[in-house]
Amino acid sequence: MEARIRSLESELHRRDDVEANHGSKARVANTRAGGGKGALEASAPDQTVAPLPVPPGKRQPGSPLNLAPAPGYMGAKETAALEAPAPANEDLFGVAPSPVPGLKIGAYGELRFGGLQNPAANGQWQTGFDAARVVLLPTYQFNDNIIFNSEIEFEHAGTGFDADDKLHGTAEIEQAFVDFRISPYFNIRAPGIDLVPVDWLNLYHEPTNFYSVMRPELDNGLIPSTWKAPAASIWGQIVEGLKYQFQISQALEDFGGDFSLRTGANGVPLFPLGYAPGIDGIDALKFSQAPLGDFRQLSNYLGYTFRLSYQPTFLPGFDGGSSVYFTPSTTPRGAYSDTGILLGRSSLTILETDFRYRVPNTGLEFRGEFADVVFGNPANLRANNDTDPTDNVGKSMFGGSAEVAYHLPLNPFLGPVLGSNWEAVPFYRYTYQNLQTGGFAGTGLNLPTGSGQMQFHDVGIAVYPTPELVLKLGYTKALNSAPGGAQSDSVLGGAGFFF
């Protein structure tokens, strides 16, 4: 964190010197995104601009060195977004003059390698490599109060249409919206593509923000991270250390089939073709996100999310948040059971809370999270009305995790040789989730295998040569109640970056 602060301050001082020679001066003062008292101050000789707030759900390195926000520091993307327009010939990517003043581009990504068990091969260990994602973060500042943010992601090495490419990934827009910054207490995010503000890691999912090679298990189903949706919101500060965001978004859909299976009437495939559920007792909400393009959403229902983020001044080093999400129905148009009966509405509510606590003046850190998904009428869920008797859904799903980590400075050993402030973070995380609770109802058979009742033990180490770069090594032990167990352990290494 300290190295990043010095780097940013050096850059700002350099710009101050350049602009001072032309009779003007710009200064940026801010804290981490979504917390603290952010402000942009740009001044001419006799002119002052009012401070601007920092929005929730925006990019921040979230340095492993110190979870408590450091005064005068904010994330790379926010710095780019809130700086005054760059002087002429300011570099873009460091190789050419920036074609547009006010345009900035950041990036993050992660690469994974190692061995894991394949449940489809009776638990056989298989080795491999995954270029999991490379993401570009273009940001443009129209003026001091109107800022465009976007995120363009290439997953699993991208897409290819000929055999020699050997690609099977995606290229997608993960965020695209405009913020209108009015005051520290009330601001507007115009309709666009945005992250649903449920779960801290869904909002801040850069690989430098978590220590395991893979994202924590709760973010792979109960929270369908990266959870993004067509949305609009308001956000701001209530009091110091307490911020809010209220978002209206397209609702989740109980439809997990391929995009091409949607009918021209924007409904599910006609009976008796059948279709996969978007919500089930094995993958939870993993396949339930609504599409982002071409007016192909399967219902007119909306989702409503309210999140509070808190960093109490009386507890230094603590950062937490609580969210509630509700939609009146996840049932798509034309939904039916395996017997052809039309399915009615089924509401969905998510209650989630999370925290991170770095004990002051020590290397000790604690993290925790709990999520509960409640269904208003599970009898109308497709998983309870399909031909698969093992994926049924009860009245709720829930899960929780607890993590402990310790930050060890390596600079005395590696700093003189490799430079920068190296840090090692050994960690252990325990996760439990139950996706097949009681209360099954519907036309389908009910033969739950126990595969939705999972336990995970994650242990490993994350090494940070700088706060923007992390090298990871970890082991995951997966357990469930299914015959033969989960058969999905893994030993993985990885590299992640965010700048």
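Along each chain, residues carry numbers from 1 onward, in the same order as the chain's sequence is written. In keeping with the predicted nature of the model, local features appear solely for residues at pLDDT of at least 70, side-chain atom pairs appear and are counted solely at 80 or more, and the whole-chain, interface and lining totals rest on all residues. With hydrogens and water stripped out, all remaining heavy atoms of the structure feed into the side-chain values.

Digging into the overall build of the protein
What counts as a helix is a DSSP run of H or I of at least four residues, what counts as a strand is a run of E of at least two, and both are numbered from the N terminus. Looking only at helices and strands, one finds four helices and 22 strands in the protein. Should any heavy atoms of two residues lie within 4.5 Å, those residues are considered in contact. By sequence separation, contacts in the protein at least 24 residues apart represent 65% of the contacts at least 6 residues apart. Accessible surface, the protein as shown: approximately 21,100 Å² in total, 64% of it carbon and sulfur. To be clear on the numbers: accessible area is Shrake-Rupley with a 1.4 Å probe, and residue cover counts the displayed protein chains and nothing else.

Considerations on the environment of valine 213
Its location among the elements puts valine 213 in the loop between helix H3 (200-203) and strand E11 (228-239). Burial classes: relative accessible area under 20% of the type maximum marks a residue as buried, over 50% as exposed, and values in between as partly exposed (1.4 Å probe, protein chains only). Given the relative accessible area of 7%, valine 213 is considered buried. Put simply, valine 213 and aspartate 458 are 245 residues apart on the chain and 9.7 Å apart in space, counted from C-alpha to C-alpha. Once residues lying within four places of it in the same chain are set aside, the contact partners of valine 213 are Glu110, Arg112, Lys472, Leu473, Gly474, Leu492, Gly493 and Gly494.

Brief notes about the pattern of salt bridges
Should a side-chain nitrogen of Lys or Arg be within 4 Å of a carboxyl oxygen of Asp or Glu, the pair is scored as a salt bridge. Considering all chains together, one arrives at 19 salt bridges under this definition. In this structure, the salt-bridge partner of arginine 189 is aspartate 194, at a minimum N-O distance of 3.1 Å. For the pair formed by arginine 189 and aspartate 194, the shared burial category is buried. The partner of lysine 477 in a salt bridge is aspartate 489, with the nearest N and O atoms 3.0 Å apart.

Regarding a nonpolar patch on the surface
Here a patch means residues that are over 30% exposed by relative accessible area and free of salt bridges, tied together within 9 Å if like-charged and within 5 Å if nonpolar (Val, Leu, Ile, Met, Phe, Trp, Tyr). A cluster of nonpolar side chains, namely Trp125, Phe366, Val404, Tyr428, Val459, Ile461, Leu473, Tyr475 and Val491, defines an oily patch on the protein surface of about 740 Å² accessible area. Going through the elements one at a time, strand E20 (453-466) and strand E21 (469-480) are the ones with two or more residues in the nonpolar patch.

A look at the packing of aromatic side chains
Aromatic ring pairs are defined here through the distance separating the ring centres and the angle between the ring planes. Note on ring pairs: Phe, Tyr and Trp rings are taken, using the six-membered ring of Trp, and paired if centres are within 6.5 Å. Classes follow the plane angle, with under 30 degrees stacked, over 60 edge-to-face and the rest tilted. Per the stated rule, a full pass over the model turns up 14 aromatic pairs. Pairing tyrosine 140 with phenylalanine 142 gives two aromatic rings, centres 4.9 Å apart and planes at 85°, and the pair type is edge-to-face. A ring pair is formed by tryptophan 200 and tyrosine 204, whose centres lie 5.5 Å apart and whose planes are at 50°; its orientation type is tilted. Residue classification places tryptophan 200 among the buried residues on the basis of a relative accessible area of 5%. The rings of Phe255, Phe271, Tyr275 and Tyr336 are connected pair by pair, giving a single aromatic cluster. Throughout this description, the term charge over a ring refers to an Arg CZ or Lys NZ atom that lies within 6 Å of the ring centre and within 35 degrees of the ring normal. We note arginine 382 situated over the ring of tyrosine 275; from NZ or CZ to the ring centre the distance is 4.4 Å.

Examining the nonpolar core
Nine residue types can take part in a nonpolar core, namely buried Ala, Val, Leu, Ile, Met, Phe, Trp, Tyr and Cys, and a core is a set of them joined through side-chain atoms within 4.5 Å. Formed by 23 residues in total, the largest nonpolar core has its most connected members in Tyr325, Leu348, Ile350, Val373, Phe375 and Met397. Elements that contribute at least two residues to this core include exactly strand E15 (348-358) and strand E16 (364-375). The element contributing the most residues to this core is E16, with three residues. Sequence-distant contacts of phenylalanine 375, defined by excluding residues within four places in its chain, comprise Ile279, Ser346, Ser347, Leu348, Leu381, Val393, Gly394, Lys395, Ser396 and Met397.

Structural notes on the pairing of strand E8 (residues 146-155)
Each pair of strands is called paired provided DSSP finds at least two bridges between the two strands. With seven bridges connecting them, strand E7 (residues 124-141) and E8 associate as antiparallel partners. Each residue of the ladder has a partner; that of leucine 136, found in E8, is isoleucine 152. The turn joining E7 and E8, which pair antiparallel and follow one another in sequence, is formed by four residues. With ten bridges connecting them, E8 and strand E9 (residues 170-180) associate as antiparallel partners. From the neighbouring strand, serine 150 faces E9, where its bridge partner is alanine 176.

A few points about the pairing of strand E12 (residues 242-250)
Note: E11 against E12, eight bridges, orientation antiparallel. In the sheet register, glutamine 237 faces E12, and the bridge partner there is lysine 243. Linking E11 back to E12 in an antiparallel pair, the connection comprises two residues, with glycine 241 at a positive phi of about 85°. Inspection of the sheet shows E12 paired to strand E13 (residues 302-310) by nine bridges, in the antiparallel sense. Considered in E13, the bridge of glutamine 247 is made with threonine 305.

A look at the side chain of serine 323
Following the sequence through the fold, serine 323 ends up in strand E14 (residues 318-327). Given the relative accessible area of 6%, serine 323 is considered buried. Under the rule applied, a polar contact is a pair of N or O atoms within 3.5 Å (in protein, one hydrogen donor and one hydrogen acceptor; residues adjacent in sequence only if both atoms are side-chain atoms). A distance of 2.9 Å separates a polar side-chain atom of serine 323 from the backbone oxygen of proline 197. Among the polar contacts made by the side chain of serine 323, one reaches the side chain of arginine 307 at a distance of 2.7 Å. If we ignore the near neighbours within four places in the chain, the residues touching serine 323 are Pro197, Val198, Asp199, Phe306, Arg307, Ile350, Leu351 and Glu352.

Re the confidence of the model for the protein
Averaged over the protein, the pLDDT score is 83; the fraction of residues at 70 or greater is 79%. Low pLDDT, under 50, characterises residues 60-90; the predicted model gives this stretch 106 contacts beyond four residues in sequence or across chains. pLDDT is defined as a per-residue confidence score from the predictor, taking values between 0 and 100.

Describing the environment of glycine 496
By the secondary structure assignment, glycine 496 is in strand E22 (residues 490-498). With 28 residues separating them along the chain, glycine 496 and glutamate 468 place their C-alpha atoms 8.3 Å apart.

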